[in-house]
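This is what each chain is made of:
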Amino acid sequence: ATIKTNLNTIVSTLQGQGWFVKLYTIPKDFNMDATEETKRQNVNAYIIAGSAGQDETIDLTGTTLETLSANYSDGLHPNPTGYEVLATAAWTFYL
């Protein structure tokens, strides 16, 4: 619950300062064990549902950041191709 509580606090604090808050879902970390992956999926479901109170959500579920380890330099940090996937997800959101 700490991650969810922290997300709520961050979102409400920023909105209280006049910011428009957009959250991305958490991309897959190919180094995660099954327990960590379950936690990631639970937090993503929370974000997708809008439960953190964010103004908008950019859902990376189903992108190649979820399915293709070649989009990462080390299993966690996107390489240039991975960043293109992030940019495309954000851009597509606005079309």
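What counts and how
- Residues numbered from 1 in each chain as written.
- Predicted model: local features only at pLDDT ≥ 70, side-chain atom pairs only at ≥ 80, totals over all residues.
- Heavy atoms only, no water.
- Patch = residues over 30% accessible without salt bridge, like charges linked within 9 Å, V, L, I, M, F, W, Y side chains within 5 Å.
- Areas by Shrake-Rupley, 256 points an atom, 1.4 Å probe, with all protein chains shown as cover.
- Salt bridge = Lys/Arg side-chain N within 4 Å of Asp/Glu carboxyl O.
- Helix = DSSP H or I, 4+ residues; strand = E, 2+ residues; numbered from the N terminus.
- Buried < 20%, exposed > 50% of the residue type's maximum accessible area, 1.4 Å probe, protein only.
- Axes fitted to C-alpha atoms, helices over the stretch in contact; angles between N-to-C directions.
- Parallel < 35°, antiparallel > 145°, perpendicular 65-115°, else oblique.
- Left-handed = near helix turned anticlockwise from the far one by under 90°.
- Contact = heavy atoms within 4.5 Å.
- Nonpolar A, V, L, I, M, F, W, Y, C, P; charged D, E, K, R; others polar.
- Expected span 1.5 Å × (residues − 1).
- Polar contact = N/O pair within 3.5 Å; in protein donor to acceptor, adjacent residues only side chain to side chain.

A.B. asks: An account of a nonpolar patch on the surface is needed here, citing residue identities and associated values.
C.D. replies: Judged by side-chain polarity, Ile10, Leu14 and Trp19 come together as a nonpolar surface patch covering roughly 320 Å² of accessible area. Its place among the elements puts Leu14 in helix α1 (residues 2–16). Here Leu14 falls in the partly exposed class, since its relative accessible area comes to 30%.

A.B. asks: Account for the packing of α1 against helix α2 (residues 34–48), naming residues and giving values.
C.D. replies: Where α1 meets α2, the axes come as close as 10 Å, and the angle between the chain directions of the two elements is 30°. In terms of their interaxial angle, α1 and α2 are classed as roughly parallel. The crossing of α1 and α2 is right-handed. Residues Ile3, Lys4, Leu7 and Asn8 of α1 lie in contact with α2, whose contacting residues are Asn42, Val43, Tyr46 and Ile47. For the contact of α1 with α2, the class distribution of residues is 5 nonpolar, 2 polar and 1 charged.

A.B. asks: An account of the side chain of Thr25 is requested, with residue identities and associated values reported.
C.D. replies: Secondary-structure assignment places Thr25 in the loop between β1 (22–24) and α2. What makes Thr25 buried here is its relative accessible area of 1%. Setting aside anything within four residues of it in sequence, one finds Thr25 in contact with Asn44, Ile47, Ile48, Thr57, Ile58, Asp59, Leu60 and Thr61.

A.B. asks: Outline α2, listing residues and values.
C.D. replies: Here α2 contains 15 residues, and its C-alpha end-to-end distance of 21 Å stays within 8% of the 21 Å for a straight helix at 1.5 Å per residue. Taken together, the buried positions of α2 are Glu37, Arg40, Val43, Asn44, Tyr46 and Ile47. The backbone nitrogen of Thr35 lies 3.1 Å from a side-chain oxygen of the residue at the head of α2, namely Asp33. Two residues or fewer after α2 comes Gly50, characterised by a positive phi angle close to 80°.

A.B. asks: So what about the environment of Gly82? Which residues, and what values?
C.D. replies: Here Gly82 shows up in helix α4 (residues 80–94). Taking the relative accessible area as the measure of exposure, Gly82 reaches 0% and is therefore buried. Spatially, the C-alpha atom of Gly82 lies 27 Å from that of Gly53, the residues being 29 residues apart in sequence. Non-local contacts of Gly82, meaning those with residues more than four positions away in its chain, are made with Leu65 and Asn71.

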